[in-house]
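# Working through the structure, step by step
Letter by letter, the chains look like this.
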Amino acid sequence: MALEHALLVSLSEQDGSGYELARRFDRSIGFFWSASHQQIYRVLKRMDESGWVTGETVGQQGRPDKRVYQVSEAGRAELARWIAEPTDAGHLRNELAVKIRGAAHGDLDALRAEVARHRDAHAGRLEVYRLIEKRDFPTPDRLSGTDLHQYLVLRGGIRVEEGFGQWCQEVLDALIPATERPTAPNPKGMRE
């Protein structure tokens, strides 16, 4: 996915200026596609030049004028083409997984700390997602259209964060040094 497609989705939901799009990225789309404010402005300019969006200058009192963008017919066609295009579902690129794979060749205490940091970060993001779900989608069975689509993406995020957090905990449990592992009581009559 190119940043252009994420911006087309956002602008299809609501017209906006570069600043407003950057704020939306900070609050929603940015949870699964990151972009700096500078990248957003640069790509918007390119999209305008390509005819995927049109911009209108809007005067503001006491502030500089702003340019508000909306998706053009060409942009809607590109978005439809991209949505219909198959995505690559087969590759998981995860630096943490590679570090765990090479754990025997590094500092296990540092790796455990890093896995715990990831677990905690995913737990924090999961908490944010659940708050958004509770606040914005209290009756999911009544949703349709864009609201339903946003909810489904949020549910996907919740499931990913739950699974990643559980995996991190599984890794931490497995990487406990043998000297720190609890020993199970020895059943009567069994030799050690």
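These notes cover the structure that comes with them.

Basis of the calculations
- Residues numbered from 1 in each chain as written.
- Predicted model: local features only at pLDDT ≥ 70, side-chain atom pairs only at ≥ 80, totals over all residues.
- Heavy atoms only, no water.
- Core = buried A, V, L, I, M, F, W, Y, C linked by side-chain atoms within 4.5 Å.
- Buried < 20%, exposed > 50% of the residue type's maximum accessible area, 1.4 Å probe, protein only.
- Helix = DSSP H or I, 4+ residues; strand = E, 2+ residues; numbered from the N terminus.
- Contact = heavy atoms within 4.5 Å.
- Axes fitted to C-alpha atoms, helices over the stretch in contact; angles between N-to-C directions.
- Parallel < 35°, antiparallel > 145°, perpendicular 65-115°, else oblique.
- Nonpolar A, V, L, I, M, F, W, Y, C, P; charged D, E, K, R; others polar.
- Phe/Tyr/Trp six-rings, centres within 6.5 Å; stacked < 30°, edge-to-face > 60°.
- Salt bridge = Lys/Arg side-chain N within 4 Å of Asp/Glu carboxyl O.
- 1 Å grid on protein atoms, 1.4 Å probe; cavity = no way out; pocket = protein on both sides within 12 Å on 5 of 7 lines; lining within 4 Å.
- Points joined across faces, edges and corners; volume = space filled by probe spheres on them.
- Pairing = 2+ DSSP bridges.

Core analysis: the biggest nonpolar cluster contains 19 residues, and L7, L11, F25, I40 and L44 have the highest contact counts within it. Looking at this core, the element that brings in the most residues is helix α1 (residues 3-13), giving five residues. Those residues in contact with L11 that sit more than four places away from it in its chain are G16, L21, R24, L44, V53, Y69 and V71. In this structure, L111, V115, F164 and C168 belong to the second largest nonpolar core, which totals eleven residues.

What follows covers the packing of α1 against helix α2 (residues 18-27). The N-to-C vectors of α1 and α2 enclose an angle of 100°; their axes lie 11 Å apart at closest approach. Considering the angle they form, α1 stands roughly perpendicular to α2. Contacts between α1 and α2 pair L3, A6, L7, S10 and L11 from the former with L21, R24 and F25 from the latter. Here the residues of the contact of α1 with α2 sort into six nonpolar, one polar and one charged.

A separate point is α1. Taking burial as the measure, the eleven residues of α1 include eight buried ones, the bulk of the element. Within the sequence span of α1, burial applies to L3, E4, H5, A6, L7, L8, S10 and L11.

Further remarks concern the packing of aromatic side chains. Applying the stated criterion across every chain, the model contains two aromatic pairs. Ring geometry for F164 against W167: centres 5.2 Å apart, planes inclined by 70°, an arrangement best described as edge-to-face. Here F164 pairs with W167, and both are found in helix α7 (residues 145-174), just three residues apart, close to one helical turn.

All right, on to the pattern of salt bridges then. This model, assessed by the stated rule, comprises 14 salt bridges. Of the charged contacts, one joins K45 and E49 as a salt bridge, the two residues approaching to 2.9 Å between their closest N and O atoms. Of this pair, K45 and E49 are both found in helix α3 (residues 37-50), four residues apart, which corresponds to roughly one turn of the helix. K45 sits in the exposed class, given a relative accessible area of 52%. Take E49: its relative accessible area is 59%, and that puts it in the exposed class.

On to the layout of surface pockets. Here the idea is plain: a probe the size of a water molecule rolls over the atoms and shows the empty space left. Put simply, the largest pocket is a space of about 1400 Å³. Lining the largest pocket are 36 residues, with S28, I29, F32, Q150 and V153 sitting closest to its centre. Taken together, the elements giving at least two residues each to the lining of the largest pocket come down to α1, α2, α4 (73-84), α6 (108-136) and α7. At ten residues, the largest contribution of residues to the lining of the largest pocket is made by α7. Its residues placed into classes, the lining of the largest pocket shows 16 nonpolar, twelve polar and eight charged.

Here the focus is the pairing of strand β3 (residues 63-71). On any regular strand, side chains alternate: one points to one face of the sheet, the next to the other face. Pairing between strand β1 (residues 16-17) and β3: two bridges, direction antiparallel. Within the sheet, the bridge partner assigned to G16 lies in β3 and is Y69. Pairing of strand β2 (residues 53-60) with β3 involves seven bridges; the strand directions are antiparallel. Across the sheet, E56 pairs through a bridge with V68, a residue of β3.

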